[in-house]
Amino acid sequence: MEQTKQALNIEEFLAQDEKKDLLRILTAGSVDDGKSTLIGRLLFDSKRLYDDQLVALKRDSKRVGHAGENIDYALLLDGLKAEREQGITIDVAYRYFSTNRRKFIIADTPGHEQYTRNMVTGASTASLALILVDASKGVITQTRRHTFLVSLLGIKHVVLAVNKMDLVDYDKEVFDKICEDYKRFLIRQNIPDVNFVPLSALHGDNVVNLSDKMPWYKGQPILELLESIHISSDRNFTDLRYPVQYVLRPEHSFRGFSAKVASGIVRKGDELMALPSRKKSKVKEIITYDGEQNYAFPPESVTITLEDEIDISRGDMLVHPNNQPRVERHFESMLVWMDEKDMDLNTNFIIKQTTNLTKARIDDIRYKINVNTMHRSEANHLKLNEIGRVVITASKALFFDAYEKNRETGSFILIDPITHNTSAVGMIIDRVSAEDLPNRISDKDRKKISEGISLVSSKEREAKLHQKGQTIWITGLHGSGKTDLAYLLEKRLFDLGHVSILLDGHNVRSGLSKELDYSPADRAEHLRRAAEVCRLLNDQGIITICTFISPKEKTRQQIAEIIGKERFTLIHMASDLETSRANKPELYKLAEEGKLHNLAGMNSVYEVPENPDLRLEMDDNRIEGIVEIIQNK
Amino acid sequence: MTKENYSLSHLQELEAEAIHIIREVAAEFENPVMLYSIGKDSSCMVRLAEKAFYPGKVPFPLMHIDSKWKFKEMVEFRDHYAKEKGWDLIVHYNKEAYEAGIGPFTHGSKVHTDVMKTEALLEGLNKYGFDAAFGGARRDEEKSRAKERIFSFRDEFHQWDPKNQRPELWANYNTQVMKGESIRVFPISNWTELDVWQYIRLEKIPIVPLYFAKPRAVVEYNGALVLVDDERMPKELRDKAKMKMVRFRTLGCYPLTGAVESDADTIEKIVEEMMTTTASERTTRVIDFDQEGSMEQKKREGYF
Ligand SMILES: Nc1nc2c(ncn2[C@@H]2O[C@H](COP(=O)(O)OP(=O)(O)O)[C@@H](O)[C@H]2O)c(=O)[nH]1
């Protein structure tokens, strides 16, 4: 009889154990707040510790313990030898314990600022954060930092354990003040559920049982609280995201798409859309080793078959057609730098997001954030443990949601292409559309580049140069005073801080129009080239001053056309032939002797412009007037 | 219609996590292998692999590092199930050392373990050029494991550097390795010993009968009760053997694995014993009585 009764008991125990859910906890606190003592006690009191571990523990306490002959609970936790000698926990250590109602996994991380990355690591899988405060010290910088990180990593539940209440005579006022301080800080954090517990880890007050030393405390002891906080509704059951992990093809007729349901619920018969192909089909079966299911939800790992044969591979995502994630290459995120090696914006990182692996680049650091003061400042790189808001461009479109809405599809890691270390981890912010993000090369820009459109607009250049790109074209007979005017104008513009370039027959014919002669056809081509150069330079915001005889009205019109009438100013140097000839007799003489052909006004026609913007004589001092025209364009 | 339930028990959640991990390795590595120790944790892991690829077959081989001093029943169990389930099983042992007659009785536990386990493992991994190897270790087994990653990077000498581990966030595993480097993957990292037993019970996973109590011929050796498994045990020891109702909490090389006196002949009784026991699982593995921190030392050197 006795035996069957016992067997039944253990059956009952196992039946109960089978139904327990799992709570992953992050613990945070500064050194000596009593974190290890509290965890040790939770482990101890939940009878997780076997006797022989206690034997080993007693031996250890004598050697390096800090608590005299008493059991030092903290020693249960420190794993690696070197760390044990230093007396501090570094890295992330995972602990396991269970009660009658729940199983717990504790990610135990150190509190120093230099271990920010470890805390971030622990927080990434946790649903609840247990933050310790030393009652005799109150809310300190570290508490705020830990809370900020917890909020950043999207943990929805915090238990603030106000420890060492014995040191403040179990005083309610001390506790209340700490709660108030903390709540004030919480306003700016995104943590919906916070509980406060006054306790003494060392003496076991309010750990497993309510303490008679704090009758004013009306809440639950901490273990009970941890057992009862409701977490399953934290998961996103709304937006189906099924990032295909593995394609199962045991035989030709079977094609299964295996994945962990990242969020949302998928049902048999649902119409799904595959990204990026956007092809649609219906769910035929949801397969597991333990049988077919009618639906699957996060974080189940299942295999789906579809009604139609569509091409799907690892990295693709199945979603409901009416509820799609963002599909972009360019996005903004909070980034935590995890690498000893500083961020280098020239690195081509490997990015891993859901089941996608591709290249990515950091385009811009919007700001970095001081984890102690929450102040933002400009930065051109991030160092180990630093956190910033950045803009990222991946080499192909990723399927993502805001981290706030979806921890699975909103997170990613950046891997160094050479060391393969995990250099950074990111949480996507989905507020700004990709088009409005600053970037090195956005999709929009890539299109421009491929079409040969500069990423710096004429407007931007002109604003920078404080001038409008334009052409002052001076026409007139040889020796009419064009060149003097042009050079004086150039000097004056320079003195005024303008950027201008002077083109004349001399410098254009010496290179650009080298092969051309003075025949009407070549002269027209020569001027066309000069005009094209003007257009290019004017596009860059530069002022061009051109002095060419340009005798034909039709050619001058073409030039105005090429350059753009609105930025073309035609000045006619109207000196007559006699004055011009007296001014520069050499060429006229050659023409007269028949040694030079096509000299306008001599052996070819100079067509006087009908409507120049300005008509000047040889010695008119009109430089200031021209400057005015330029500045008023 | 019954109301749909969207929550998982802890074991279902751990199972889903393990399946995800196993598939991730199959998808991202060229040449993975599952190290199969024949023990209960390995048996769970193999079942998880079968689940991960159902209705397909497991797309990678299993490898057993045979120290040649395993319990006879382990080897029988291994060969029986490999055949029945159609596993692609590699059995590797250190041939040279075996032929040189290395063994725990003659060379001591340290030399034997170094040569027949650690060395043999590295030899096996190198021989086939595996770039990822699954192991059935759990974080709650032993202190130094509490900090090990699920995807644990090994350099080209298969060494683990506890001070220089890759950050591991969410379920986003960094699987990038250079040629020669590898990753040890522990899909049941987050399972406790009780979880493993519970899973074996619920899934009806076959395990080596040595886990169950029955009268066996044992002898006291190095402070542990050791099974008389074959004639390689020195005669003077064999002569002192007594029949006792015993079982094994862990399985390894028979001369290095102590039995516990027990009546637990069902999983339920084993769990009951475990929950009320005064000695935890690993005290029965003789090599653990080395000085403190010894396991960490072994791990740095490449032992699992
Ligand atoms: N008075 C008092 N001391 C405590 C309490 N909890 C922990 N301590 C002591 O504070 C010191 C640091 O504790 P430990 O758990 O190692 O802190 P950790 O650095 O946060 O892990 C140890 O000497 C503990 O004994 C408490 O509730 N009251």
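Chemist: Break down the interface of chain A and chain B for me, with residues and values.
Modeler: Tallying the contact residues gives 89 residues for chain A and 74 residues for chain B. When chain A packs against chain B, the two sides together hide about 7200 Å² of surface, and 54% of this comes from carbon and sulfur. Our enumeration of links across chain A and chain B arrives at 12 salt bridges. Measuring nitrogen to oxygen at the nearest pair gives 2.8 Å for the salt bridge that ties B:E24 to A:R314. Counting across the interface, chain A meets chain B through 30 residue pairs in polar contact (both at pLDDT 80 or more). With nine residues, the single largest contributor to the side of chain A that touches chain B is helix α1 (residues 2–19) of chain A. Partitioned by chemical class, the residues of the side of chain A that touches chain B number 40 nonpolar, 21 polar and 28 charged.

Chemist: Mind laying out the environment of B:G101, listing which residues take part and the relevant values?
Modeler: All names here are of chain B. Mapping G101 onto the fold places it in the loop between α4 (95–99) and α5 (104–128). Among the residues examined, G101 registers a relative accessible area of 38% and is labelled partly exposed. Each residue touching G101, except ones within four places of it in the same chain, is listed here: T106 and H107.

Chemist: How would you explain the side chain of A:R567 if you had to name every residue and give the values?
Modeler: Structurally, A:R567 is set in the loop between α14 (553–563) and β27 (568–573). Apart from residues no more than four positions distant in its own chain, A:R567 is found in contact with A:G469, A:Q470, A:T471, A:R535, A:N538, A:D539 and A:K633.

Chemist: For the pairing of strand β19 (residues 356–369) of chain A, give the residues involved together with the corresponding values.
Modeler: All names here are of chain A. Judged from the five bridges that link them, strand β18 (residues 349–353) and β19 form a sheet pairing that is antiparallel. Residue I351 lies in a different strand from β19, and its bridge partner there is T358. Counting the residues that bridge the hairpin from β18 to β19 gives two residues, and of these T354 lies at a positive phi of roughly 45 degrees. When β19 meets strand β21 (residues 387–400), the two strands line up antiparallel, connected through eight bridges. In the sheet register, R361 faces β21, and the bridge partner there is T393. Across two bridges, β19 lies against strand β20 (residues 376–377) in antiparallel orientation. Along β20, the bridge assignment pairs K368 with S377.

Chemist: Describe the sheet that holds strand β26 (residues 543–547) of chain A, with residues and values.
Modeler: Residues and elements named next belong to chain A. On the basis of which strands lie adjacent, the open sheet formed by five strands has the order β25-β26-β24-β27-β28 and parallel pairing. Looking at strand neighbours, the two that pair on one side only are β25 (500–504) and β28 (614–616), the edges of this open sheet. Neighbour to neighbour, the strand axes of the sheet diverge by 20 degrees on average, direction disregarded. The pairing of β27 with β28 spans three bridges and is parallel.

The rules behind these values
Residues numbered from 1 in each chain as written. Chains lettered and ligands numbered in written order. Predicted model: local features only at pLDDT ≥ 70, side-chain atom pairs only at ≥ 80, totals over all residues. Heavy atoms only, no water. Contact = heavy atoms within 4.5 Å. Buried area = accessible area lost by both parts, 1.4 Å probe. Salt bridge = Lys/Arg side-chain N within 4 Å of Asp/Glu carboxyl O. Polar contact = N/O pair within 3.5 Å; in protein donor to acceptor, adjacent residues only side chain to side chain. Helix = DSSP H or I, 4+ residues; strand = E, 2+ residues; numbered from the N terminus. Nonpolar A, V, L, I, M, F, W, Y, C, P; charged D, E, K, R; others polar. Buried < 20%, exposed > 50% of the residue type's maximum accessible area, 1.4 Å probe, protein only. Pairing = 2+ DSSP bridges. Axes fitted to C-alpha atoms, helices over the stretch in contact; angles between N-to-C directions.

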